[in-house]
Amino acid sequence: MKIVDGLVFLDHRKSFRVQLKDGGSKDFIIALNVKTGLFYKIMALIAEKDTLAQTGELPELCAEIVADLLAAKSNLYNAHWVKSNIDELAQIEIINKVVEGIAKLLDNDCFIMPEIKVEK
């Protein structure tokens, strides 16, 4: 079990080829073991996407999330760069692929928090 436990601390990465607005494409490597706050921000976006779309907040929040995902590997990208260079549908696709990758990782037993019982 100790050998498998080390899997949790590896830098799980996924490579993405993203179409840019200028017609070109760019390869990105995104770490799937994202910060907990970013993970919950993504889950909140998914849960409230319809409301966010109605209020017009969805594009800004998607750009922020994609920038945060890209910034984990390189600080060259911010929300302004994402909005200027990556189409909104491509941003949503990146987020969906990251969530799918995280879901596959969570299928592994070593990522499940064990139930801890305190005994006297």
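Here is what the cut-offs are and how they apply
- Residues numbered from 1 in each chain as written.
- Predicted model: local features only at pLDDT ≥ 70, side-chain atom pairs only at ≥ 80, totals over all residues.
- Heavy atoms only, no water.
- Helix = DSSP H or I, 4+ residues; strand = E, 2+ residues; numbered from the N terminus.
- Buried < 20%, exposed > 50% of the residue type's maximum accessible area, 1.4 Å probe, protein only.
- Contact = heavy atoms within 4.5 Å.
- Expected span 1.5 Å × (residues − 1).
- Arc of directions from axis to C-beta.
- Polar contact = N/O pair within 3.5 Å; in protein donor to acceptor, adjacent residues only side chain to side chain.

Participant: Even after reading the chapter, I still don't get the overall build of the protein chain, so can you show me in this structure?
Facilitator: Looking only at helices and strands, the protein chain has six helices and two strands in total. In sequence order, the secondary structure elements of the protein chain are arranged as α-β-β-α-α-α-α-α. Taking all 120 residues of the protein chain together, 30% fall into the buried category. Looking at the protein chain alone, contacts between residues at least 24 apart form 53% of all its contacts between residues at least 6 apart.

Participant: Before we go on, may I ask you to explain helix H2 (residues 36-47) in this structure?
Facilitator: Helical periodicity: at 3.6 residues per turn, an α-helix aligns residues three or four positions apart in one direction. The first and last C-alpha atoms of H2 sit 16 Å apart over 12 residues, in line with the 16 Å expected at 1.5 Å per residue. Among the residues making up H2, those that are buried are Leu 38, Ile 42 and Leu 45. Along the axis of H2, the buried positions cluster into a sector of 60°, meaning they face one direction only. When the buried face of H2 is taken as reference, the exposed residues oriented beyond 90 degrees from it are Thr 36, Gly 37, Tyr 40 and Ala 47.

Participant: For this particular structure, what's the right way to read helix H6 (residues 88-106)?
Facilitator: An ideal rise of 1.5 Å per residue puts 27 Å on 19 residues; H6 measures up with 27 Å between its terminal C-alpha atoms. By the burial criterion, the buried members of H6 are Ala 90, Gln 91, Ile 94, Ile 95, Val 98, Gly 101, Ile 102 and Leu 105. The buried residues of H6 occupy one face: seen down the axis, they fall within an arc of 145°. Facing away from the buried side of H6, by more than 90 degrees, are the exposed residues Leu 89, Glu 100 and Lys 104. On its buried face, H6 sits against strand E1 (13-19), strand E2 (25-31), H2, helix H4 (58-71) and helix H5 (79-85). Capping the start of H6, Asp 87 holds a side-chain oxygen 3.1 Å from the backbone nitrogen of Leu 89, two or three residues further along.

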